[in-house]
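Fold and contact review
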Amino acid sequence: MSSSKSNKIVKLESSDNKTFEVEEAVAVQSETLKNMVDDGCANDTIPLPNVNGKILEMVLGWCKKHVDETVTGDELNKYEADFLDLDQADLYGLLMAANFLNVKGLLDRVLQRVADMIKGKKPEEIRRIFNIKNDFTPEEEEEIRLENAWAFD
Amino acid sequence: MEGLAMLRQLIGQLQELLEVYGSHPPLLPYPPDPPPHFLQPLHHPLPLSDLHSHQPQRWCFLNVDDGSTDDYYSLIMAAGKSGSFKMLEPYKPPPAKKSRKERTRGKSSGTTNTSEAMEQQIWKDFPEDLFEAVIARLPIATFFRFRSVCRKWNSLLNSQSFSQHCAQVPQGNPWFYTITHENVNSGAMYDPSLKKWHHPTISSLPSKMIVLPVASAGGLVCFLDIGHRNFYICNPLTQSFKELPARSVKVWSRVAVGMMLNGNSTCGGYKILWVGCDGEFEVYDSVKNSWTRPGNMPSIIKLPLSLNFRSQAVAIDGTLYFMRSDPEGIVSYDMVTGVWKQYIVPAPLHLTDPTLAECGGRIMLVGLLSKNAATCVCIWELQKMTLLWKEVDRMPNIWCLEFYGKHVRMTCLGNKGLLMLSLRSRQMNRLVTYNVSSREWLKVPGCVVPRGRKRQWIACGTAFHPCLTDIA
């Protein structure tokens, strides 16, 4: 089943002025880009001021892999697992990009990765890492700790 | 040389078995096995002194077929009347080395992923709206630990958006909510993914009430009180709890209960059906919060219904299946059409403690097969064309050896996909999980309260899919 749009190219420009050209089928893996295409805003180069070139290239690589019909299920699984073998700065950038561009499968994976990274930490560490203010009084905090102590076993 | 290797392997397995379960019987004298019907029926509860003189584990020998399992309730009611809800202490096994090992093992596996130090420089500007999505993907126990991070994280259980995030995360293994002999009014929960027991300090259920889990759907568990009067729905993880309106029936005889969700999630509500031996039945709809009597049981269904109360009902595609005897088989009720059907299915020979389960739409039977002195746990699948049970799996032989020559009773917790089997004889309570689709048998670490050493005896329970935001 061929669509009349199947040869259309979408042009993207990253925050550091790198341009990328991808097929529409690849671009629409991103819900954000898909909405632009559907609204007819994708005819010129789309600027993406909050995604840098390195990260955008990664995201587009993911999208390309997911429309490639020659890739088997196992290969895709391995690709997805290896994909997230990144340093923290890149992982964070990828999370922001996947969220902004709304690439669902990628976003799920990255969110799960972050959850896995923090799951063994103590609440104090969580506050430090994410710069979260502890807005409990010491008594309140102790009460909550006791209430939920069963999960600490 | 091959024979030598096999012998070594067998010796290794035996050593493991002995190490895990303790090698010697106790030196206390035990009275001989009682006859099966020694307990009084429900309306003559035993005085507490009588209970003390008998060996506490005797309620394991209740014969399901003559209805004397009601005596389980008489024992509890007697204990209740004495003013103390603490159950009698069962025999203490010799100190189990494994329990400490298990606890340490459990702890270290939880921290293997935290060796990654996370730099505040990178993560300090993490967007607020992404926190809920990450927290929804944490293991359940971690969520409760992180409630003390800040007020916002503490109040996520009430957040609609958080609820939506949770709904999007694929379901993992169910947990098991169990009632132990030692403490009847609060449950111990088992997480099979991490092989950890959890003992909530605040029970989700009101205290001074003895209720037993009879069914579950999604993250909700349905409890029935001892007198078969009132139903309660509870999410064992949160404090969400509801007492259902009274049923229209005034005579409280024993009932079998089935529960299912309307649709795929608890947001659409749930239905509960109870059915009694006289063919009376009612359906509760959580959306309307009321019971209705959809009609009468058709005359084709032979009454009285000798329902198997120890087996949970199974829900497949909007139909509930209950196990019955006389004639042996299954009765089913279609929630949509309101139609009852009866299937005559002969029980396997030498079968005791049967219970229904399901996996991927297939109806399974779990039970004990006892021949001469040997007992084994067997799994059968219902052949729909012939209406016969076909054996499809057995517990590994080396585990069954432990039951040789002993009178064993089995309770099956859960009825879908992953099952927990509680196998009890005079001195021991073995717990295993069985995954119906992968056919994997796994040992379950003993249930020990924090800072305790005594293994708790699992009396009964059910499986549920832990969901933080399911509301009763």
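Reference entry: report on the structure contained in this document. (Residues numbered from 1 in each chain as written. Chains lettered and ligands numbered in written order. Predicted model: local features only at pLDDT ≥ 70, side-chain atom pairs only at ≥ 80, totals over all residues. Heavy atoms only, no water.)

This part takes up the overall build of chain A. When its secondary structure is counted, chain A shows eight helices and three strands. The principal-axis extents of the C-alpha atoms in chain A amount to approximately 65 × 35 × 25 Å. Put simply, of all contacts in chain A between residues at least 6 apart along the chain, 58% involve residues at least 24 apart. A total accessible area of about 8,400 Å² is found for chain A, and carbon and sulfur atoms account for 48% of it. (Helix = DSSP H or I, 4+ residues; strand = E, 2+ residues; numbered from the N terminus. Contact = heavy atoms within 4.5 Å. Areas by Shrake-Rupley, 256 points an atom, 1.4 Å probe, with all protein chains shown as cover.)

Check the secondary structure of chain B and you find ten helices and 27 strands. Taken over 472 residues, chain B has a buried fraction of 53%. Residue pairs in contact within chain B that sit at least 24 positions apart in sequence constitute 56% of those at least 6 positions apart. Carbon and sulfur atoms make up 55% of the accessible area of chain B, which totals about 22,100 Å². (Buried < 20%, exposed > 50% of the residue type's maximum accessible area, 1.4 Å probe, protein only.)

A separate point is the nonpolar core. In terms of nonpolar packing, the biggest core is built from 85 residues, with Phe130 of chain A together with Trp123 of chain B touching the most fellow members. Counting residues per element, this core draws most heavily on helix α6 (residues 104–118) of chain A, at eight residues. Beyond its immediate stretch of four places on either side in the chain, tryptophan 123 of chain B contacts Gln88, Leu91, Tyr92, Val114, Met117, Ile129 and Phe130 of chain A together with Met118 of chain B. Counting residues in hydrophobic clusters, the runner-up holds 39 residues, among them Leu365, Trp399, Met428 and Tyr434 of chain B. (Core = buried A, V, L, I, M, F, W, Y, C linked by side-chain atoms within 4.5 Å.)

Strand pairing in a sheet relies on backbone hydrogen bonds, with the paired strands running either antiparallel or parallel. All names here are of chain B. The strand order across the open sheet built from four strands is β3-β2-β1-β27, with neighbouring strands paired in antiparallel fashion. In this open sheet, the two strands that pair with only one neighbour each are β3 (196–198) and β27 (458–464). Ignoring strand direction, the axes of neighbouring strands in this sheet form an average angle of 25 degrees. Two strands pair when backbone bridges link them, and strand β2 (residues 187–191) and β3 are joined in this way by three bridges, in the antiparallel orientation. Directly across from tyrosine 190, in β3, lies its bridge partner tryptophan 197. (Pairing = 2+ DSSP bridges. Axes fitted to C-alpha atoms, helices over the stretch in contact; angles between N-to-C directions.)

Summed over the entire model, instances satisfying the criterion amount to 27 aromatic pairs over all chains. Between tryptophan 62 of chain A and tyrosine 79 of chain A the ring centres are 6.3 Å apart and the planes differ by 45 degrees, which places this aromatic pair in the tilted class. Taken as a pair, tryptophan 62 of chain A in helix α3 (residues 53–67) and tyrosine 79 of chain A in helix α4 (residues 73–83) lie far apart in primary sequence, 17 residues in all. On the accessibility criterion, tryptophan 62 of chain A (2% relative accessible area) is buried. Relative to phenylalanine 144 of chain B, the ring of phenylalanine 143 of chain B has its centre 5.3 Å away and its plane inclined at 85 degrees; by these criteria the two rings are edge-to-face. Side by side, phenylalanine 143 of chain B and phenylalanine 144 of chain B carry an identical accessibility label, which is buried. An aromatic cluster is present here, built from Tyr92 and Phe130 of chain A together with Trp123, Phe126, Phe131, Phe146 and Trp153 of chain B joined pairwise through their rings. The ring of tryptophan 274 of chain B has arginine 247 of chain B lying over it, and the distance from NZ or CZ to the ring centre is 4.9 Å. (Phe/Tyr/Trp six-rings, centres within 6.5 Å; stacked < 30°, edge-to-face > 60°. Lys NZ or Arg CZ within 6 Å of the ring centre and 35° of its normal.)

Residue and element names in this part refer to chain B. Across the seven residues that make up strand β4 (residues 211–217), a large majority, six, are buried. In this structure, β4 lies alongside strand β5 (residues 220–225), joined through six bridges in antiparallel fashion. In the strand pairing of β5, valine 211 is matched with aspartate 225. Following β4, the chain reverses through two residues before pairing antiparallel with β5; glycine 218 in that reversal takes a positive phi of roughly 60 degrees.

Now for the side chain of asparagine 429 of chain B. Residues and elements named next belong to chain B. Position of asparagine 429 among the secondary structure elements: in strand β23 (residues 429–435). Take asparagine 429: its relative accessible area is 7%, and that puts it in the buried class. Within polar-contact distance, the side chain of asparagine 429 engages the backbone nitrogen of isoleucine 458 at 2.8 Å. Discounting chain neighbours no more than four positions away, the residues touching asparagine 429 are Ser422, Leu423, Arg424, Arg455, Gln456, Trp457 and Ile458. (Polar contact = N/O pair within 3.5 Å; in protein donor to acceptor, adjacent residues only side chain to side chain.)

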